[in-house]
Amino acid sequence: MDFMSRSKSYRKGQKRFQMIISSLWAWTAKENMHGDLLNKYLYLSGRVDMRQIEKTIQYLIGLGMDMKLENNPYRICIYTSFKERETFISHNNTAKLVREHGDTELVELCGFIAADEKQHETAYSKIIEKLFEIDPDEIV
């Protein structure tokens, strides 16, 4: 392969890498936004002791969590695809329950988050599907 071909291939790889990094950043920002929105809702509703909520959050963060993914990208993708599905179902079901009690703002908020989680689930499902095509032995 001559220099020009290698150079074009390198630039194409760089662009793909930049797209992946940008996508991960956007995904992370969205997940953070979900937590912020729910936190602000709780605060503004005045229905909970926010000091206790914050103490609990810090306590749980301090405990840490080992999901046994061993930095394996396949395991991480599979775990995340299931987690996105779980959070879609959870926020969707919460919206249904809250609707019965007439809190339209929380219904809208949970519906918004559920829709985002559904998009994330779809994206991860496509990634997993492609990984099964590319490397079926390792992904299983």
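A quick note: this is a predicted structure, and the numbers were derived from the prediction, not measured. (Residues numbered from 1 in each chain as written. Predicted model: local features only at pLDDT ≥ 70, side-chain atom pairs only at ≥ 80, totals over all residues. Heavy atoms only, no water.)

**Looking at the overall build of the protein**
- Of regular secondary structure, the protein possesses five helices and zero strands.
- Start at the N end of the protein and walk to the C end: the helices and strands fall as α-α-α-α-α.
- Scored against the burial criterion, the 140 residues of the protein give a buried share of 22%.
- Residue pairs in contact within the protein that sit at least 24 positions apart in sequence constitute 64% of those at least 6 positions apart.
- With the model as given, the accessible surface of the protein reaches about 10,900 Å², and the carbon-plus-sulfur share is 60%. (Helix = DSSP H or I, 4+ residues; strand = E, 2+ residues; numbered from the N terminus. Buried < 20%, exposed > 50% of the residue type's maximum accessible area, 1.4 Å probe, protein only. Contact = heavy atoms within 4.5 Å. Areas by Shrake-Rupley, 256 points an atom, 1.4 Å probe, with all protein chains shown as cover.)

**Quick word on helix α3 (residues 73–100)**
- Helix length check: α3, at 28 residues, gives a terminal C-alpha distance of 41 Å against a target of 40 Å (1.5 Å per residue), a fit within 8%.
- Of the residues making up α3, those classed as buried are Y74, C77, T80, S81, E84, T87, F88, H91, A95 and V98.
- For α3, the side-chain oxygen to backbone nitrogen distance between the N-cap and Y74 is 2.8 Å, and the N-cap itself is N72.
- Positive backbone phi, approximately 80°, marks G102, located one or two places after α3. (Expected span 1.5 Å × (residues − 1). Polar contact = N/O pair within 3.5 Å; in protein donor to acceptor, adjacent residues only side chain to side chain.)

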